[in-house]
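Structural features, examined
The residues making up each chain are set out below.
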Amino acid sequence: MKYIYSGFFIIICQFVLGQNEYIDIIQPRLSFVHNVKRASDSVNFVVLNKTDTLYPKYKTDVDLSYLNASNYSTENIIGRYKILAFQFTTAKSKKIYELKQWNTPIIVFMDDNLPKEVIKKFKTFYSQIKGIPNLSISFTNNLENSNYFIKTVSKEINGYDKDFEFYSEEDRLNSPLTGGTYFLQTDKNNKLFAGILSIHIQGKNEFAILKQLKQLFFMSLGSFAQEYLSENSDLTNKYYANSGVISTSDLEMLKIHYGTIYDRPINGTIFNDILKLSNPQ
Amino acid sequence: MMKPYIFLLVLALSHFFCYSQVHEKASYSIDSIVRHYMPINMYKTKYKKPFTKKDSLNFMFKDNDTLVLLENYSRPKGISVPYEYKDSTFLHYYKKVAFNHKNDSISKETSMKYWKSDIRLFFSESVPRKAKKDFMDFVESIDIEIDSLKITEVKKVEDSNYTIYYFGDYEYEPRLANNKKSNFYISWRHNKIYRGSIRVDQNTFFSDHLIQYKLRELFFQSLGYFRLVDDFSCESYFSNCYSQNKKISKLDIELLKYHYSYGICKGTTLETFERQHEKAKEILKETGQTMHFVHTTEDDD
């Protein structure tokens, strides 16, 4: 009975005091090790036998400054990010979009059938992404060493559902998902670990191929949505101008997205809770 | 002349011919008389026959339970292994991974599954030699650690009970044929797994290390129809998330060892598992004696 009372007490405390720590919102995953590092580790330990005990190890301190809008170029940066990652949805939405992250370095192999100039410009463009914690993008000439395969396909493909309705035919033709798509391997924790980007290049010039590849690849970094609200220098903008330089806003999106690798699936509601924690009123 | 001593043994029989009893500390002398009793509910379930007058006269009452005398009882052939004590945290995690509940709905009726016979792996010709070798290195690291689980490779499919193949190969397991994703399929009888298959899509898992990751993840899961959980860091094979540094952790191996340990009853429901642990711990606490599990050698398939 005392456990029941203790449980109620904890729940009441949570309501009264709110969620004060990151681990109150995102329960950490545990690895079990021999060394005791903190006093709190003496709880939840696992006795293997008379001489061997394992203690839980987990991250407790997460620097949430990556969620502080004052660190970015515009104040509404978090708003744009929520569109990209969650498409305005929360835990109560009919269809829920959850955050998806790569939790392994991305090693890209590009199909030889792509125009050489496109390959070169694509690599140059994405080499601009540097210094973002928890995100690494590199290239390889050996498919065996890769976990991201950009390939050409001979048949016409589309990345949108058959019943998807575009605003106009111009919209449809301009979409990176027309004649191209990507497929990502994901685990039960919404972590991405392999991808295939397919593009149909027949009838397209190098400018169009490069633009489409750049957009699709960026979207696949977090299964990001497209939108109209950003600048046309931003890769998720439906009217992307195919700039040679990656926009500040896009880099900032990635900084927010990869600020930490979450131990649990994150929906819009949980993200808002973390946001409150990072910006206490 | 020595007086005959009477030993009363109360048998707690599970459904799966894994017998448990209080450890018989002393060997019986020639003057000893051993009587075996069984709780009335278990007796009814096991023998399904009405009680005779003689049965009723021999009833015994102990701890608010009626015990029935077993006539001509002979202990089944088997190995007697002492109960393997584990602490509550370990058991908490063990129950989470070993009892894979349908539709995430916890049920006391869910049973754990295990391989009783050796696992004999057959690889289709499409599986490259290097992938096979890397995979077998992983398999051997399990085989070495788990005494009661033997895993070997065989060259002929007819000698195997576990096939590993790719999309487009001969469909060794028809129930995987229409699966669009890489997956495994295992078959069991009385909770003993006797056949398994892994079918991998080499188009989506297009490089050696991706194939290796998938093969290992699926194979590990198929060793006990394990549930992958969100408690452990992604490096653990019992976790439900990807890590490029996946390795069999100390806890992973201990959980696996426990699953294949004879110090517990195998193939039980969650309810039986919990009841037996409760009983074994109670006996240990009250008497200081260790309960024994007798694993019968007769095949009940």
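Only a predicted model underlies this, so the values are computations on that prediction, with no experimental measurement involved.

Let us look at the sheet that holds strand 1 (residues 31-33) of chain A. Residues and elements named next belong to chain A. If you trace the 3 strands from one edge of the open sheet to the other, you get 1-3-2, paired in antiparallel fashion. For this open sheet the edge positions go to strand 1 and strand 2 (46-47), each flanked by a neighbour on one side alone. Pairing between strand 2 and strand 3 (residues 53-57): 2 bridges, direction antiparallel. Within the sheet, the bridge partner assigned to Val47 lies in strand 3 and is Thr53.

This part takes up the packing of helix 3 (residues 88-98) of chain B against helix 6 (residues 250-259) of chain B. Residue and element names in this part refer to chain B. Close contact between helix 3 and helix 6 brings their axes to 11 Å; oriented N to C, the two are set at 70 degrees. Taken together, the axes of helix 3 and helix 6 lie roughly perpendicular to each other. Across the interface between the two elements, Tyr93, Tyr94, Val97 and Ala98 from helix 3 touch Leu255, Tyr258 and His259 from helix 6. Grouping the constituent residues of the contact of helix 3 with helix 6 by class yields 6 nonpolar, 1 polar and no charged.

Moving on, we get to unusual backbone geometry. Residue and element names in this part refer to chain A. Positive phi values are uncommon outside glycine, yet Phe88 reaches one of about 70 degrees. In this fold, Phe88 is placed in the loop between helix 3 (77-86) and strand 4 (101-102). The exposure class assigned to Phe88 is exposed, which follows from the 11 C-beta atoms found within 10 Å. Phi at Asn134 is positive, roughly 70 degrees, even though this residue is not glycine. A residue is classified by how many C-beta atoms lie within 10 Å of it, and Asn134, with 16 of them, is partly exposed.

Should pLDDT be low for a region, the predicted coordinates there are not to be read in detail. Summary statistics for chain A give a mean pLDDT of 88 and a share of 90% for residues scoring 70 or more. When the criterion is pLDDT under 50, residues 1-17 of chain A qualifies, and its contacts beyond four places in sequence or with other chains add up to 1 contact.

Let us look at the nonpolar core. With 98 residues, the main nonpolar core has Leu213 of chain A together with Val97, Ile164, Leu215 and Leu255 of chain B as its most contacted residues. No other element matches helix 6 (residues 206-219) of chain A, which puts 7 residues into this core. If sequence neighbours within four positions are ignored, Val97 of chain B has contacts with Phe226, Arg227, Val229, Phe238 and Leu255 of chain B.

Residue and element names in this part refer to chain B. Positionally, Thr152 belongs in strand 10 (residues 151-153). The class for Thr152 is partly exposed, based on 14 C-beta atoms found within 10 Å. Counting along the chain gives 34 residues from Thr152 to Asp118, while the straight-line C-alpha distance between them is 7.7 Å.

Once that is clear, we can look at the interface of chain B and chain A. Facing the 25 residues of chain B at the interface are 28 residues of chain A. For the side of chain B that touches chain A, the secondary-structure elements that each account for two or more residues are helix 3, helix 5 (208-222) and helix 6 of chain B. Per-element tally for the side of chain B that touches chain A: the top contributor is helix 6 of chain B, with 3 residues. Taken together, the residues that form the side of chain B that touches chain A break down as 10 nonpolar, 8 polar and 7 charged.

All names here are of chain A. Summarising the sheet, strand 5 (residues 106-110) and strand 7 (residues 148-152) pair through 3 bridges and their orientation is parallel. Across the sheet, Phe109 pairs through a bridge with Phe149, a residue of strand 7. Looking at chain direction, strand 7 and strand 9 (residues 191-199) are connected through 5 bridges and run parallel. Note that in strand 9 the partner of Thr152 across the bridge is Ile199.

Residues and elements named next belong to chain B. The share of residues in chain B with pLDDT of 70 or more is 84%, and the mean pLDDT across the chain is 84. Across residues 1-9 the pLDDT falls below 50, and counting only partners more than four positions away or on other chains, this stretch makes 18 contacts in the model. Note that residues 19-30 has pLDDT below 50 and, in this model, 28 contacts with residues that lie over four places away or in other chains. In the model output, the complex is listed with pTM 0.84 alongside ipTM 0.87.

Rules of the game
- Residues numbered from 1 in each chain as written.
- Chains lettered and ligands numbered in written order.
- Predicted model: local features only at pLDDT ≥ 70, side-chain atom pairs only at ≥ 80, totals over all residues.
- Pairing = 2+ DSSP bridges.
- Helix = DSSP H or I, 4+ residues; strand = E, 2+ residues; numbered from the N terminus.
- Axes fitted to C-alpha atoms, helices over the stretch in contact; angles between N-to-C directions.
- Parallel < 35°, antiparallel > 145°, perpendicular 65-115°, else oblique.
- Contact = placed C-beta atoms within 7 Å.
- Nonpolar A, V, L, I, M, F, W, Y, C, P; charged D, E, K, R; others polar.
- Buried ≥ 20, exposed ≤ 12 C-beta atoms within 10 Å, placed from the backbone.
- pLDDT = per-residue confidence, 0-100.
- Core = buried A, V, L, I, M, F, W, Y, C linked by C-beta atoms within 7 Å.

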